[in-house]
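Chain by chain, the residues:
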Amino acid sequence: MNMLRRQRSASTRDEVYAALREDILSLKLPPGTPLSENEASQRFEVSRTPVRESLMKLAQEGLVQVLPQRGTFVSLIDTSLVEEARFMREHLECAVVELACTAFDDQSYRELMSNLDRQRGSIERVDLEGMFQLDQEFHELLFKGTGKSHTWGALGQLTVHLNRSRRLRLVDDHNWGHLYEQHRQIAEAISAKDSSHAKALMKNHLNLNVADQALLKEKYPQYFI
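Since the model is a prediction, treat every value here as computed from it, not as a measurement.

Caption draft 1: Broad picture of the state of the cysteines. With the rule as written, the count across this model stands at 0 disulfides. Among the cysteines around C94, which has no disulfide bond, C101 carries the closest sulfur, lying 11 Å off. Taking the relative accessible area as the measure of exposure, C94 reaches 6% and is therefore buried.

And the structure:
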């Protein structure tokens, strides 16, 4: 019974953690939002223990901040960590897209084109969540098609501040056509096996985050540090 109880407890904690994490990353819980153990316990219909454990885990990831005498809050978006993540992605993804020009097989390219078709659909429907997930998937497919899936997985824990900034950009500007067009050009360069052009396109694509970051911080100063 003790083993079963521990398994149920871990499962409950993981479910609460996953739900809170997604709410933070999707900006349903914006930066600076106060978090109450009691309210979360009532929302998820669980005791305070799995909520407390989930908040501790989120704090370790940098998504939650505990301030003595003040309470627990969704962490603000740290611009220095956004830039560090962008720098890391730029160097890794430029290398990956260069490799894709020689390593991609027909199936990998078909998956990339299917992703682009679905991006168009999300743009037509103004589907924010769909567009963000397909943007993520587009880049993940580059890693998958070059045999670097584990590298992509490792990036997920290191880019949480960047991803919140990117979501905020999609919320702020629904003109997502430029994003789709950049992805399309990268796919074309891979198809043409033009590694130098693909690398240049990817670098430009990821460097746009620098300009976006400045605009977002000016418009939403309460969300950033």
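Right, picking up where we left off after that structure.
Caption draft 2: Geometry of the confidence of the model for the protein. Chain-level pLDDT for the protein is 90 on average; 96% of the residues reach the 70-or-more range. The low-confidence segment residues 1–7, where pLDDT is below 50, has 0 contacts with residues more than four positions distant or belonging to other chains.

Caption draft 3: Broad picture of helix α5 (residues 106–125). For α5, built from 20 residues, the straight-helix expectation of 28 Å at 1.5 Å per residue is met to within 8% by its first-to-last C-alpha distance of 29 Å. When we look at burial in α5, the residues that qualify are S108, L112, N115, L116, Q119, G121 and S122. Buried residues in α5 make contact with α6 (128–145) and α9 (177–191). Positive backbone phi, approximately 50°, marks V126, located one or two places after α5.

Caption draft 4: Main features of the packing of helix α4 (residues 79–103) against helix α8 (residues 160–172). Closest axis-to-axis distance for the α4/α8 pair is 7 Å, and the angle between their directions is 95°. In terms of orientation, α4 lies roughly perpendicular with respect to α8. For the pair α4 and α8, contact is made by L81, V82, A85, R86 and R89 and by H161, L162, N163, S165 and R166, respectively. Class assignment of the residues belonging to the contact of α4 with α8 gives a composition of 4 nonpolar, 3 polar and 3 charged.

Caption draft 5: How the structure looks around the pairing of strand β3 (residues 71–74). Two elements, strand β1 (residues 34–35) and β3, share 2 bridges in a ladder whose sense is antiparallel. Bridge pairing in β3 links L35 to T72. In terms of strand pairing, strand β2 (residues 64–67) meets β3 through 4 bridges, oriented antiparallel. Bridge pairing in β3 links L67 to G71. Joining the antiparallel neighbours β2 and β3 is a turn of 3 residues, in which Q69 adopts a positive phi near 70°.

The rules we used
All chains use their own residue numbering, which begins from 1 and follows the written sequence. In view of the model being predicted, local features appear only for residues whose pLDDT reaches at least 70, and side-chain atom pairs are presented and counted only at 80 or more, with totals across whole chains, interfaces and linings using the full set of residues. In computing side-chain properties, one takes all heavy atoms of the structure into account and sets aside hydrogens as well as water. By disulfide we mean two sulfur atoms from cysteines, separated by a distance within 2.5 Å. Think of it in three bands: residues with accessible area under 20% of the maximum for their type are buried, residues over 50% are exposed, and the middle band is partly exposed, with areas taken using a 1.4 Å probe on protein chains only. Confidence scores labelled pLDDT are given residue by residue by the predictor and lie between 0 and 100. By definition in these notes, contact holds between two residues if any of their heavy atoms fall within 4.5 Å. Helical segments are the DSSP runs of H or I of at least four residues, strand segments are the runs of E of at least two, and each set is numbered from the N terminus. Here the expected span of a helix is defined as 1.5 Å times the quantity of residues minus one. Note on geometry: axes are lines fitted to C-alpha atoms, helical ones only across the stretch in contact, with angles between N-to-C directions running from 0 to 180 degrees. To sort the angles, those under 35 degrees are grouped as roughly parallel, those over 145 as roughly antiparallel, those from 65 to 115 as roughly perpendicular, and the leftovers as oblique. Three categories are distinguished: nonpolar for Ala, Val, Leu, Ile, Met, Phe, Trp, Tyr, Cys and Pro, charged for Asp, Glu, Lys and Arg, and polar for the others, with Gly belonging to the last. Should DSSP find at least two bridges between two strands, the strands are taken to pair.

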